[in-house]
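# Results of the structural survey
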Amino acid sequence: MHLAFATDDNYAVHLATVLLTILEAHPSDFSATFHVLDCGISAQHRNALQDVIQSSSCTIRFHEIKQDLSLGASTPDYISPATLARLLLPSLLIGVEKVLYLDIDIAVLGDLRPLWETDLTDYSAAMAESFWSKYKTYKDIIGHGPKDPYFNAGVMLINLADLRANGLTEHFLNYYHAEKERLEYADQDVINHCLRGRIKTLHPQWNVPTGIENWKPEHTLTFGKEEQGQAVNDPKIAHYTGRKKPWSRSCRHPLANHFRRAAKRTPWPDKSGSAAIASSPLVSVIMSVHNEEQYLHDAVSSILTQTYANIEFIVVNDASTDRTRNILAGFAAEDDRLTILDNEEQLGLAASLNKALEAARGDYIARMDGDDISFPDRIQKQVDFLEENRQITVLGTKVAVIRNLWWESKEYSYPIYEKDREIKMNFLRRPGIIHPTVMMRASVLRERGILYNPTFLRSQDYELWTRMAFKHWLKFHNLQEPLLHYRVRGGDRSANLAIQEKYKLMILSDILNLLGSKDDPKRLDFHARWAAGKLPKPKGLKIQDKALMDHFKFLVESNNRKKILGQQSLRKFLFEDVKKEVFYSFRSGWKAWARYRKSGVRSHLGMSNEDEKLFRRRCLLWEVWLRIQSTPVVGFLVFMAMAIGSPSILYRLSAARKG
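In this report, we go over the structure that sits alongside the text. (Residues numbered from 1 in each chain as written. Predicted model: local features only at pLDDT ≥ 70, side-chain atom pairs only at ≥ 80, totals over all residues. Heavy atoms only, no water.)

### Points about empty space enclosed by the protein
Counted by the stated rule, this structure contains three cavities of 30 Å³ or more. A volume near 60 Å³ is recorded for the largest cavity. Taken together, Arg86, Leu87, Pro90, Ala125, Met156, Ile158, Leu163, Phe172, Ile191 and Leu195 make up the full set of residues lining the largest cavity. Among the residues forming the lining of the largest cavity, the class breakdown is nine nonpolar, no polar and one charged. (1 Å grid on protein atoms, 1.4 Å probe; cavity = no way out; pocket = protein on both sides within 12 Å on 5 of 7 lines; lining within 4 Å. Points joined across faces, edges and corners; volume = space filled by probe spheres on them. Nonpolar A, V, L, I, M, F, W, Y, C, P; charged D, E, K, R; others polar.)

### A look at the sheet that holds strand E3 (residues 59-64)
One open sheet accounts for seven strands, arranged E3-E2-E1-E4-E7-E6-E8; its pairing is mixed. Lying at the two open borders of the sheet, with one neighbouring strand each, are E3 and strand E8 (199-201). The mean inter-strand angle of the sheet, taken between neighbouring strand axes irrespective of direction, is 25°. Judged from the six bridges that link them, strand E1 (residues 2-7) and strand E2 (residues 33-38) form a sheet pairing that is parallel. Bridge pairing links alanine 6 to leucine 37 in E2. Contacts from helix H2 (residues 43-53) reach E2 and E3, with the element oriented near 155° to E3. (Pairing = 2+ DSSP bridges. Helix = DSSP H or I, 4+ residues; strand = E, 2+ residues; numbered from the N terminus. Axes fitted to C-alpha atoms, helices over the stretch in contact; angles between N-to-C directions. Contact = heavy atoms within 4.5 Å.)

### Here we look at the sheet that holds strand E17 (residues 476-487)
Judged by pairing direction, the sheet is mixed, and its eight strands sit side by side in the order E12-E11-E10-E13-E16-E15-E17-E14 without closing on themselves. Two strands bound the open sheet, and with one partner strand each, they are strand E12 (338-343) and strand E14 (373-374). Examined bridge by bridge, strand E10 (residues 283-289) and strand E13 (residues 364-367) share four bridges and lie parallel to one another. Following the sheet pairing, serine 284 is matched in E13 by isoleucine 365. Of the strands in this sheet, E10, strand E11 (311-318), E12 and E13 touch helix H14 (residues 349-359), which is tilted by about 150° from E10. Most of the contacts of helix H15 (residues 378-388) go to E17, to which it runs at about 170°, and overall it touches E10, E11, E13, E14, strand E15 (394-402), strand E16 (439-441) and E17.

### A few points about the nonpolar core
Counting residues in each nonpolar core, the largest one holds 69 residues, and the members touching the most others are Met440, Trp465, Met468, Phe476, Phe575 and Phe615. Leaving out residues up to four positions away in the same chain, phenylalanine 476 has contacts with Ile392, Val394, Lys419, Asp420, Ile423, Lys424, Phe427, Ile433, Trp465, Met468 and Ala469. If you look at the next biggest cluster of nonpolar residues, it comprises 49 residues, including Ala16, Ile104, Ala107 and Phe259. (Core = buried A, V, L, I, M, F, W, Y, C linked by side-chain atoms within 4.5 Å. Buried < 20%, exposed > 50% of the residue type's maximum accessible area, 1.4 Å probe, protein only.)

### Digging into the packing of aromatic side chains
For the coordinates displayed, the defined rule picks out 17 aromatic pairs. An angle of 80° between the planes, with centres 6.4 Å apart, marks the rings of tryptophan 465 and phenylalanine 476 as edge-to-face. Pair noted here: tryptophan 465 is in helix H18 (residues 460-470) and phenylalanine 476 is in strand E17, with a separation of 11 residues, a long-range link. Judged by its relative accessible area of 0%, tryptophan 465 falls in the buried class. (Phe/Tyr/Trp six-rings, centres within 6.5 Å; stacked < 30°, edge-to-face > 60°.)

### A closer look at a nonpolar patch on the surface
Taken together, the side chains of Trp590, Leu620 and Val624 present a nonpolar region at the surface, about 230 Å² in accessible area. Here tryptophan 590 is to be found in helix H23 (residues 590-598). (Patch = residues over 30% accessible without salt bridge, like charges linked within 9 Å, V, L, I, M, F, W, Y side chains within 5 Å. Areas by Shrake-Rupley, 256 points an atom, 1.4 Å probe, with all protein chains shown as cover. Salt bridge = Lys/Arg side-chain N within 4 Å of Asp/Glu carboxyl O.)

### Digging into the environment of threonine 321
If you trace the backbone, threonine 321 turns up in the loop between E11 and helix H13 (324-334). In this structure, the C-alpha to C-alpha distance between threonine 321 and glutamate 292, residues 29 residues apart in sequence, is 9.7 Å.

### A word on the pattern of salt bridges
Throughout the structure, instances matching the rule amount to 24 salt bridges. Of the charged contacts, one joins lysine 424 and aspartate 420 as a salt bridge, the two residues approaching to 3.2 Å between their closest N and O atoms. Here the residue lysine 424 and the residue aspartate 420 both occupy positions in helix H16 (residues 420-426), the gap between them amounting to four residues, near one helical turn. Judged on exposure class, the residue lysine 424 and its partner aspartate 420 are both buried. Glutamate 612 serves as the salt-bridge partner of arginine 602, at 3.3 Å between the closest nitrogen and oxygen. Of the two residues, arginine 602 sits in helix H24 (residues 602-605) while glutamate 612 sits in helix H25 (residues 609-630), which places them 10 residues apart along the sequence. A residue is classified by how much of its surface remains accessible, and arginine 602, at 29% relative accessible area, is partly exposed. Look at the salt bridges and you will find they share partners, linking Arg86, Asp103 and Asp187 into a network.

### Points about the environment of aspartate 520
Position of aspartate 520 relative to the elements: it lies in the loop between helix H19 (493-515) and helix H20 (521-531). In this structure, the C-alpha to C-alpha distance between aspartate 520 and serine 509, residues 11 residues apart in sequence, is 8.8 Å.

### Remarks on helix H8 (residues 186-194)
Taken across its nine residues, H8 has eight buried, putting it largely inside the fold. For H8, the complete set of buried residues consists of Ala186, Asp187, Gln188, Asp189, Val190, Ile191, Asn192 and Cys194. On the buried face of H8, the contacting elements are strand E6 (125-127), helix H5 (135-138), strand E7 (155-159), helix H7 (168-179) and E8.

### Describing the side chain of glutamate 312
Positionally, glutamate 312 belongs in strand E11. A residue is classified by how much of its surface remains accessible, and glutamate 312, at 7% relative accessible area, is buried. A distance of 2.5 Å separates a polar atom in the side chain of glutamate 312 from a polar atom in the side chain of serine 284. Contacts of glutamate 312, omitting those with residues within four sequence positions, involve Leu282, Val283, Ser284, Val285, Arg337, Ala359, Ala360, Arg361 and Gly362. (Polar contact = N/O pair within 3.5 Å; in protein donor to acceptor, adjacent residues only side chain to side chain.)

### Quick notes on the side chain of glutamate 463
Along the chain, the position of glutamate 463 falls in helix H18. The exposure class assigned to glutamate 463 is buried, which follows from its relative accessible area of 10%. In terms of polar contacts, glutamate 463 uses its side chain to reach the side chain of arginine 467, at 2.8 Å.

Encoded structure:
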C-alpha cells in the first residue's frame, strides 16, 4: 500500500500524529510505504518521523518539492501552500500506479485496506462528497452545474497511471496558475474542475468532516441520511476541516480527542506535538466507584473520548468486589491519562473523593459518577465558561435523566437555576447543583483547604456547597443546557431516603443557625418539612397559613440582620408566589383587600403603590358585583340602572372579572 502526505516543517509534527493513528488502527504486520512530499522539513524532524514508524513494517520516503508553491489571494490563511504539492503526485511517484493521499488534519480510526482495494477502473480518483451548503453556490466558480457533486480532497485514492496517461499534472498546474487568484480552496478546486465526471464516490465514513452532525438531506447529491448515520456511528477517517484544528482546544469535531491522544504518544523531539494541547488548562476528572461494573464502561469512555484532551482521570476504586477493577485496568492500559487509586477497605464517597482531590494536579476539578455518561463536549464547554468568567468557582450543568422505565420523565426532579443568587436561595431547600456535573477551580480549593466532609455518608455535595457558599462566600453557576446523562436507579428507596434526610437535616440546621435560629428544634422541623414539600396543603391562600408566613418572615428578617443571602432576592424567592396568589384573589371581593391589609407579611410581598391601587379597585368592583348577584330582583334593577346611567362601570366590572 502506498500513502502520500504533504507538509512543511511547521506541520511535520502533526504528520507524526497521523502516522501514529494509521499504525495503531492496523495489525502489527501492516506494511505500507509512506510518501512524504517535503516542502521544507528539517533533518531533525525527518528523523523524528522515521522514529514514529521504526518499530513497524512500514517505510517512509521523502520527496523534496522544489517548485514554487504559492496560494492565491482568495485562499483562507489557515491553508498551507504545502497542500498544492499533491497536484505533483503523478510526476513524483514514478512507478507507483495508485496512491492514497491523506491530509495531515485527519486521524485514521479504522483499517484502510478496504479503501485501498476500491476499484478505480474508468476513474481517475475516489473521493467523498463535501456536504457544506456553501458548495451549492460555490460550484459555479469552477464551472460545475447544480447536479455535479463537489468532493473533498483531504482523502483521495488516486489512479496515478490514469493521470499520467492523460497528462493531468500539466493540466492541473495550468488551470491553477490561470485561476488561483479567485480559487478559495486551491488544489481541491483544481481537482474537482479537472477531474469532473471522473471521480468515484466514496462512502462518507472515509472522510468524516467537522460538523457532520449538522448534515441535512439537501446538502448532498451522493449520500443520504442512512450513510450519514453510518459515518457518525462507524467513522473510518476523521477529518478536522475548517480553521479549528485538533491541535487547538477550540476544535469542535466530535472525534478531536482521537487526534489529541495520539499526539501525546508521538516521540517528537521538542514535544511540540502536544504543545497547543498542553498549553490549555489541565482538568482533573475525579470519580469514586464501588461495584459499578454494569455501567462503568460507558461512564469511563465518555470522559476519555471528550473533545477536550488535556485531562487526567483519577478514579478511586473503593474496595469493589465485582469486575470494576478489571474494567478500569483495561482502560488504563490503553490511555495513560487514567490513574487508579485502590482502597483496601471501603471508605465511602466523601473520603474517596478527598483522596482523589489530594492527588489531582489540574487547574480545574471535574466530578463524574460511575453510572452517568458525560456529553462529548461537556469538559470543553465548562472550561470555556470558567476561563471567561473568573468570578465563578463552582460550575454545574443541566442533565438528561436516564430512568428505569421508558415512560418516566426525562426531566430532573426540580429546577436547576442559572445564577449565583438563585442557586444560593435554593440551598435553603435542596442542593441546587447536580454533583456529577460539577467543575471547580482547583486553586480556590487548595488555597482554602476545602475538602469533602468524610463524616457525611450522604448529601456530601450539599454540605460542601453550603459551606463554600456561606462560609467561603464563593460563587456558583449552572449552564442551562444538559451536558450529562444522569442515571436514576431504584433500590431500597425508603432506607436510602431515611439516611439522606438525616444528613440533610444537619445541613439545614447549620443554615438556620447562620440566620440566628439558635438550634430551635421546632423551627428546624418546620423548615425541613417545608424544604421536603411535606407541609399540609393550606385550605385557603398561603397568606392565611400563619405558621408558613411566620417562618418566611423569620427567614427574611433574620437575613436582613445577618446578610447571608441577597435581601431582595430572598424576599422574592419566598413571597413571589404568595404575592401573585393574593393579587388574583380579588374575586372574593372586599375580604381579599381586608385580608391583605391586615396581613403580617404585607410589607414583604413587595407590591408597588400602583399594584395596591389596582388590587383595591378590583376588590371593590367585585364586592359590588357579588352583592348585586346575591339579591336577584334588586340586583336586576341596579344592573339596568347602571346599564342606562353608567355603562362604563359595567365595562370595568366585566374587565375585572376576566382579569
